[in-house]
Amino acid sequence: MIIKQKIMRNVSLTAHPAGCAAYVAEQVAFLDAQSRPSAPENLPKRVLVIGGSTGYGLASRMVGALIGGAATLNVSFEREPSENKVATPGWYNTKAFERVAHERGLYAQSLFGDAFSAEMKERVAREIREQMGQVDLIVYSLASPMRIDPVTGQTYKSVLKPIGKPYAALSVDVPSGIVETAVIEPAEDSQIEDAVKVMGGEDWQLWIDHLHAEGLLAEGVKTVAYSYIGPQITYPVYREGTIGKAKEHLESTASLLTDRMRGIGGSAYVSVNKALVTRASAVIPVVPLYIALLYQVMKEKGLHEDCTRQMYRLFIDRLYAGPAVPVDDEGRIRLDDWEMRTDVQEEVDRRWNMQREGEQMIGGDLAGFKEEYDHIHGFGYSSIDYERDVDPRSI
Ligand code: NAI
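Residues numbered from 1 in each chain as written. Predicted model: local features only at pLDDT ≥ 70, side-chain atom pairs only at ≥ 80, totals over all residues. Heavy atoms only, no water.

> Kindly report on a nonpolar patch on the surface, identifying the contributing residues and their values.
Together, M8, V11, L13 and V283 line one region of the surface with nonpolar side chains, adding up to about 330 Å² of accessible area. Position of V11 relative to the elements: it lies in strand β2 (residues 11–12). Owing to a relative accessible area of 34%, V11 belongs among the partly exposed residues under this scheme. (Patch = residues over 30% accessible without salt bridge, like charges linked within 9 Å, V, L, I, M, F, W, Y side chains within 5 Å. Areas by Shrake-Rupley, 256 points an atom, 1.4 Å probe, with all protein chains shown as cover. Salt bridge = Lys/Arg side-chain N within 4 Å of Asp/Glu carboxyl O. Helix = DSSP H or I, 4+ residues; strand = E, 2+ residues; numbered from the N terminus. Buried < 20%, exposed > 50% of the residue type's maximum accessible area, 1.4 Å probe, protein only.)

Take a look at the structure:
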């Protein structure tokens, strides 16, 4: 079939197998070009990534395997391809990455299904026991709009809303580049609790408790989950909104997990990462405008990083940099340090204030935003003939 990009409300419904392979190949080339850390033996050798098929999770997996030489196990939620239906980008990425890993003699396996379920935790435990023995690092990188509670069977949905009062701010319609005002109504109390259920730390804790109880966590194990803070302008809808409550819960879960793993010298961290175009972030109102401005400013200053560059810095300069992991006053790893630099934020603010509702966006790297969004779905590569008939099952 001929696979074209189909986007509905900032969500790409399709993905291209050859393009996803090209995306993975680009990340591999970047990692191969990095000089190896002086003490690669510090890096983890057995890594479980929960949510490792796209975005930050895929990048973490690739850094673990290709820089550290780790065996990697991924858990992610995918749609498999059929003769006339494309798979999710995560499925294609996973196949492309695992082929590279296998060529290099590395164990790389994936279990596709619902990471929130008890059944998946059992399957993963079995796989670790049989193939890896134990794990040295667990990356928790899920971004999901819903979760089914494994005990009660109740479904929780996570919505991104402000708390207490409506939020109105400028945003940009990505296809047209027209600036518009996004208004988001405040959450009901139950929606705050539901967001915490989905995106807070409860499931991360269930994973760690389960693997710990099964004796599958190695001495000195580390686990990391990802969070975001961002600029003042998005506080009402992000950090002080429903998702911010979930992230606060995730962050407080880290210290609880460190306590629970004390007997094996384990430690848990939350890493606050930079705003980047991923499948999860592109659908958040206001984010495309902010990211387009941020990308332009950070590229001009030579500070721009994509997921893979951020995760490279996480492993080399933070998690495995030395005996003590550098953290902020609240115990969090900060990879958003360059994004949050005063000169960067002041310049983003200045450009933000130039925008006018109903008019074309002024400045900003909307082209960079779109290109990255296309690339993470395997589109927009000049090396690929998108008119060519391809089998969606072949990668
Ligand atoms: P993403 O959408 O690229 O990746 C999400 C991953 O979760 C995918 O592998 C997907 O298959 C998996 N997943 C979702 N539901 C699942 C389920 N029920 N079972 C198994 N796997 C499931 O998202 P992204 O942006 O990489 O987000 C990962 C984490 O990083 C999130 O916690 C997010 O809040 C955080 N983060 C993202 C930032 C951004 O700007 N993109 C910035 C800072 C933190």
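> Give me the lowdown on the site of the ligand, citing residues and values where you can.
Near the ligand lie 30 residues; those nearest to it are S53, A115, K247, L276 and T278. Backbone polar atom of Y226 to an oxygen atom of the ligand: 3.4 Å apart, as the coordinates give it. Burial of the ligand by the protein chains amounts to 91% of its free accessible area of 830 Å². Of the residues belonging to the shell around the ligand, the class tally is 12 nonpolar, 13 polar and 5 charged. (Near = heavy atom within 4 Å. Polar contact = N/O pair within 3.5 Å; in protein donor to acceptor, adjacent residues only side chain to side chain. Nonpolar A, V, L, I, M, F, W, Y, C, P; charged D, E, K, R; others polar.)

> Describe in detail unusual backbone geometry, supporting the description with residues and values.
Positive phi is not limited to glycine here, since V286 has a value of about 80°. Mapped onto the elements of the fold, V286 is located in the loop between β12 (267–272) and α8 (287–300).

> Account for the pattern of salt bridges, naming residues and giving values.
Counted according to the given criterion, the structure contains 29 salt bridges. Among the ionic pairs, R309 bridges to D306, the shortest N-O distance being 2.8 Å. Across the salt bridge formed by R350 and E347, the nearest N and O atoms sit 2.8 Å from each other. With R350 and E347 both in helix α10 (residues 342–352) and 3 residues apart, this pair spans about one turn of that helix.

> Tell me what's going on with the side chain of D365, and back it up with residues and numbers.
With respect to the secondary-structure elements, D365 resides in the loop between α10 and α11 (366–375). Residue classification places D365 among the buried positions, given a relative accessible area of 14%. Within the local environment of D365, its side chain forms a polar contact with the backbone nitrogen of G368, the two atoms lying 2.9 Å apart. Among residues more than four places away in sequence, those in contact with D365 are A292, L293, Y295, Q296 and K299. (Contact = heavy atoms within 4.5 Å.)

> Outline the packing of aromatic side chains, supporting the account with residue identities and numerical values.
Enumeration over the complete set of coordinates arrives at 7 aromatic pairs. Ring geometry for Y140 against W204: centres 6.3 Å apart, planes inclined by 25°, an arrangement best described as stacked. Taken together, the residues Y140 in strand β6 (residues 135–140) and W204 in helix α6 (residues 202–213) connect sequence positions 64 residues apart. Residue W204 is classed as buried on the basis of its relative accessible area, which comes to 0%. With a centroid separation of 5.7 Å and 35° between ring planes, the pair formed by F379 and Y386 is classed as tilted. Here the two residues F379 and Y386 agree in accessibility, since each one is buried. We note R309 situated over the ring of F30; from NZ or CZ to the ring centre the distance is 4.2 Å. (Phe/Tyr/Trp six-rings, centres within 6.5 Å; stacked < 30°, edge-to-face > 60°. Lys NZ or Arg CZ within 6 Å of the ring centre and 35° of its normal.)

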